[in-house]
Amino acid sequence: IAGVVAEDLGFMVYMVGGIVRDLLLGVPNYDIDLVVEGEGLVFARALAQRLGGRARVHERFQTAVVVLPDGFKIDVATARTEYYEFPAALPVVHRSSIREDLYRRDFTINTMAICLNPGRFGELIDYFGGRKDLKEGLIRILYNLSFVEDPTRILRAIRFEQRYKFQIEAETLRLARDAIDRRLLGKLSHKRILHELILILEEKDPLPALRRMDEIGVWEYVMPEVRLDSETWIMLRRVPRVLGWLAERWLNIGLRSWVVYLLVILQKLPDSAVEEIVHRYRFDRDVTEILLMGREVPGLAVEIEEIQSLSMSDLNKKLRKLSGEHIAFLLLCLNRPESWERVARYLELKQDVRVKVNGYDLKALGLREGPVYQKILSDLYDANLDGLVKTYDEEIELVK
Ligand code: CTP
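Residues numbered from 1 in each chain as written. Predicted model: local features only at pLDDT ≥ 70, side-chain atom pairs only at ≥ 80, totals over all residues. Heavy atoms only, no water.

Novice: Would you explain helix H12 (residues 230–249) in this entry?
Specialist: An α-helical segment advances 3.6 residues per turn. Residues three or four places apart therefore align on the same side. Taking 1.5 Å as the rise per residue, H12 with 20 residues should run 28 Å; its terminal C-alpha atoms sit 30 Å apart, in good agreement. Of all the bends in H12, the largest measures some 35° and sits at Val 239, one to four residues before the proline Pro 240. Residues of H12 that are buried: Thr 232, Trp 233, Met 235, Leu 236, Val 239, Val 242, Leu 243, Trp 245 and Leu 246. In this structure, the buried residues of H12 make contact with helix H10 (207–215), helix H13 (257–266), helix H18 (324–333) and helix H19 (337–352). (Helix = DSSP H or I, 4+ residues; strand = E, 2+ residues; numbered from the N terminus. Expected span 1.5 Å × (residues − 1). Bend = angle between axes of the 7 residues up to and from the residue. Buried < 20%, exposed > 50% of the residue type's maximum accessible area, 1.4 Å probe, protein only. Contact = heavy atoms within 4.5 Å.)

Novice: Looking at this structure, I do not really get the site of the ligand. What am I missing?
Specialist: In the region of the ligand, 14 residues are neighbours, and Arg 21, Asp 106, Asp 150, Arg 159 and Arg 163 sit closest. Between the ligand and the protein, one listed contact pairs an oxygen atom with a side-chain N or O atom of Arg 153 at 3.1 Å. Note that an oxygen atom of the ligand is positioned 3.0 Å from one of the side-chain N or O atoms of Arg 156. Here the ligand, which alone exposes 570 Å², has 75% of that area covered by the protein. Of all the elements in the fold, those that place two or more residues in the shell around the ligand are helix H2 (18–25) and helix H7 (152–163). (Near = heavy atom within 4 Å. Polar contact = N/O pair within 3.5 Å; in protein donor to acceptor, adjacent residues only side chain to side chain. Areas by Shrake-Rupley, 256 points an atom, 1.4 Å probe, with all protein chains shown as cover.)

Novice: I tried to follow the side chain of Thr 288 on my own but got confused; where do I start?
Specialist: Looking at where Thr 288 falls in the secondary structure, it is placed in helix H15 (residues 285–293). By relative accessible area, which is 18% here, Thr 288 ends up buried.

Novice: Just to check I follow, could you spell out the nonpolar core for this structure?
Specialist: Soluble, globular proteins show a tendency: their nonpolar side chains are buried together. In terms of nonpolar packing, the biggest core is built from 116 residues, with Leu 34, Phe 43, Met 213, Val 218, Trp 219, Met 223 and Phe 283 touching the most fellow members. Residue contributions to this core peak at 9 residues, all from H13. With near-sequence residues (within four places) excluded, Met 223 lies in contact with Leu 197, Leu 262, Ile 265, Leu 266, Ile 277, Arg 280 and Tyr 281. Counting residues in each nonpolar core, the second largest holds 12 residues, with Val 16, Ala 79, Cys 115 and Tyr 143 among its members. (Core = buried A, V, L, I, M, F, W, Y, C linked by side-chain atoms within 4.5 Å.)

Novice: Sorry if this is basic, but what is going on with the packing of H13 against H18 here?
Specialist: The geometry of a pair of packed helices is captured by two quantities: the angle between their axes and the separation between those axes. Two elements in contact, H13 and H18, have axes separated by 9 Å at closest approach and are oriented at 45°. Accordingly, the angle class assigned to the pair H13 and H18 is oblique. Two packed elements cross with a definite hand, and for H13 against H18 that hand is right-handed. Here Val 259, Val 260, Leu 263 and Val 264 of H13 come into contact with H18, specifically with Glu 325, His 326, Ala 328, Phe 329 and Leu 332. Here the residues of the contact of H13 with H18 are counted per class, giving 7 nonpolar, 1 polar and 1 charged. (Axes fitted to C-alpha atoms, helices over the stretch in contact; angles between N-to-C directions. Parallel < 35°, antiparallel > 145°, perpendicular 65-115°, else oblique. Left-handed = near helix turned anticlockwise from the far one by under 90°. Nonpolar A, V, L, I, M, F, W, Y, C, P; charged D, E, K, R; others polar.)

Novice: Looking at this structure, how should I read the packing of aromatic side chains?
Specialist: Geometrically, a pair of aromatic rings is defined through the distance of the ring centres and the angle of the planes. A full pass over the atoms with the stated rule returns 9 aromatic pairs. Put simply, the rings of Tyr 103, Tyr 127, Phe 128 and Tyr 143 pair up and form one aromatic cluster. Taking the ring centre of Trp 233 as reference, the NZ or CZ of Arg 211 above it sits at 4.2 Å. (Phe/Tyr/Trp six-rings, centres within 6.5 Å; stacked < 30°, edge-to-face > 60°. Lys NZ or Arg CZ within 6 Å of the ring centre and 35° of its normal.)

Novice: Whenever I open this one, the packing of helix H16 (residues 297–306) against helix H17 (residues 312–319) confuses me. Can you help?
Specialist: Close contact between H16 and H17 brings their axes to 11 Å; oriented N to C, the two are set at 170°. Overall, the two elements H16 and H17 adopt an arrangement that is roughly antiparallel. When H16 is examined against H17, the residues Leu 300, Glu 303 and Ile 304 are found in contact with a partner set consisting of Leu 315, Lys 318 and Leu 319. The residue inventory of the contact of H16 with H17, partitioned by class, reads 4 nonpolar, no polar and 2 charged.

Novice: Looking at this structure, I do not really get the layout of surface pockets. What am I missing?
Specialist: The gaps left among the atoms become clear once a water-sized probe is rolled over them. The calculated volume of the second largest pocket comes to roughly 270 Å³. Around the second largest pocket, the lining comprises 14 residues; the ones closest to its centre are Glu 231, Met 235, Leu 332, Cys 333 and Asn 335. When contributions to the lining of the second largest pocket are tallied by element, the ones reaching two or more residues are H12, H16 and H18. Sorting elements by how many residues they give to the lining of the second largest pocket places H12 first, with 5 residues. Residues that form the lining of the second largest pocket fall into these classes: 7 nonpolar, 3 polar and 4 charged. (1 Å grid on protein atoms, 1.4 Å probe; cavity = no way out; pocket = protein on both sides within 12 Å on 5 of 7 lines; lining within 4 Å. Points joined across faces, edges and corners; volume = space filled by probe spheres on them.)

Novice: So what exactly am I meant to see when it comes to the sheet that holds strand E1 (residues 12–16) here?
Specialist: Adjacent strands of a sheet form backbone hydrogen bonds with each other and so pair up, either parallel or antiparallel. Read from one edge of the open sheet, 7 strands run E3-E4-E5-E2-E1-E8-E9, paired in mixed fashion. If you trace the sheet from one side to the other, it starts and ends with strand E3 (54–58) and strand E9 (124–125), each paired once. The strands that H2 touches are E1, strand E2 (32–37), strand E8 (113–115) and E9; relative to E1, the one it contacts most, it runs at about 60°. (Pairing = 2+ DSSP bridges.)

Novice: So what exactly am I meant to see when it comes to the confidence of the model for the protein chain here?
Specialist: Residues shown with low pLDDT carry predicted positions that ought not to be read at fine detail. For the protein chain, per-residue confidence averages 92 on the pLDDT scale, and residues scoring 70 or more make up 95% of the total. Reported for the predicted complex are a pTM of 0.89 and an ipTM of 0.96. (pLDDT = per-residue confidence, 0-100.)

Novice: What am I meant to see in the pairing of E3 here?
Specialist: If a strand is regular, its side chains alternate between the two faces of the sheet. Pairing of E3 with strand E4 (residues 63–67), which is carried by 5 bridges, proceeds in the antiparallel orientation. Bridging across to E4, Ala 55 finds its partner in Val 66. Counted along the chain from E3 to the antiparallel partner E4, the turn is 4 residues long, and its residue Gln 62 has a positive phi close to 55°.

Novice: Which parts of the structure should I look at to understand the pattern of salt bridges?
Specialist: Note that side chains of opposite charge can pair when their charged atoms are close. Enumeration over the complete set of coordinates arrives at 31 salt bridges. Here Arg 21 makes a salt bridge to Asp 22, at a shortest N to O gap of 3.1 Å. Residue class for Arg 21 comes out buried when judged on its relative accessible area of 5%. A salt bridge links Asp 286 to Arg 256, with the nearest nitrogen and oxygen atoms 2.9 Å apart. Here Asp 286 is found in helix H15, whereas its partner Arg 256 is found in the loop between H12 and H13, with 30 residues between them in sequence. Of the residues examined, Asp 286 reaches a relative accessible area of 39% and is grouped as partly exposed. Counted as one network, the salt bridges with shared partners bring together Asp 101, Arg 104 and Arg 105. (Salt bridge = Lys/Arg side-chain N within 4 Å of Asp/Glu carboxyl O.)

Right, dumping it as structure tokens:
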């Protein structure tokens, strides 16, 4: 449909970048990027109309997102050339042909396109040897200044290399090391570094990329305060298992793996260093709170391991304020299977336990409304957790 829409407007449209790479690799990818030779915004509006969706346009960048009725998104851009006015700056954009558009990109494996216009539908465009590098498993930049213009590409190279078990091609690696030696990563904003770090930590297995970052001297630009020692590695290695375990049960909703990794990575630092990092990267409020509160989790883990007699309501008092990410971190901090079991039982109970009595019941019992209601309901919750009451009648009895 996109091809027909473009053809009608006298434009050419191509599917480009990551999705083409992943199609050739047979890896799922649902991020559709389209590049238009012509007017991307005109095309985006026409495509949205044709598909019954809407187009959100960014005039300044000549890009648009077409949102389909079911929420699926398609990114549309006008073919462009980017000039970097100075190293590590954001680029200045000009219109151009697909070839130039592909040439400004990071690695050969990301420079392939598939034409969608009816006459040439499905034609693979590969000006820069992307297919060959994909076959050989190589991450290769297109021109020598690539890392100088955009040092985040050093982090991207590592991410793709480790994700696909590829290798950074020798000359590309030399240029990356050279850029690192010239301290070009230091010119990047914290925001851009954080963005790349999050992308790495969201990979299925981020550890090889972290190791590689450490090895080629990138880590010191990300978090120089943190030394990734063997104890931290051991815990980091257990993260996917704990996340998988939690996801299978109950806490998969909204649990951000990158935050769990960060909690582990930051755990050995003094409070002041964590505060400094949180300040430097300007995490949003929610993440900031999680990272700062995460400081208490290892201590809680020690208590849970040491005090075997903790009841479920005791556990609730200690754990109820924790986020899903904290719970994952807590499980990582526990060494004894019995402690793990106990927290698991608590999480399970918490899912099921509901206080049956409500405010109206308390009123009917002649209790005057006030803060005492909150206290009674919370005590009832604890009593349910500890198995002291189960039914509505038992709850009423207890209140009496
Ligand atoms: N790109 C680039 N330089 C960057 C970031 C992106 O040249 N610093 C180009 C890449 O060629 C990439 C395209 O922009 O193919 C889209 O970027 P992005 O969506 O981040 O990359 P994907 O290749 O889709 O990666 P992922 O699979 O991680 O989404």
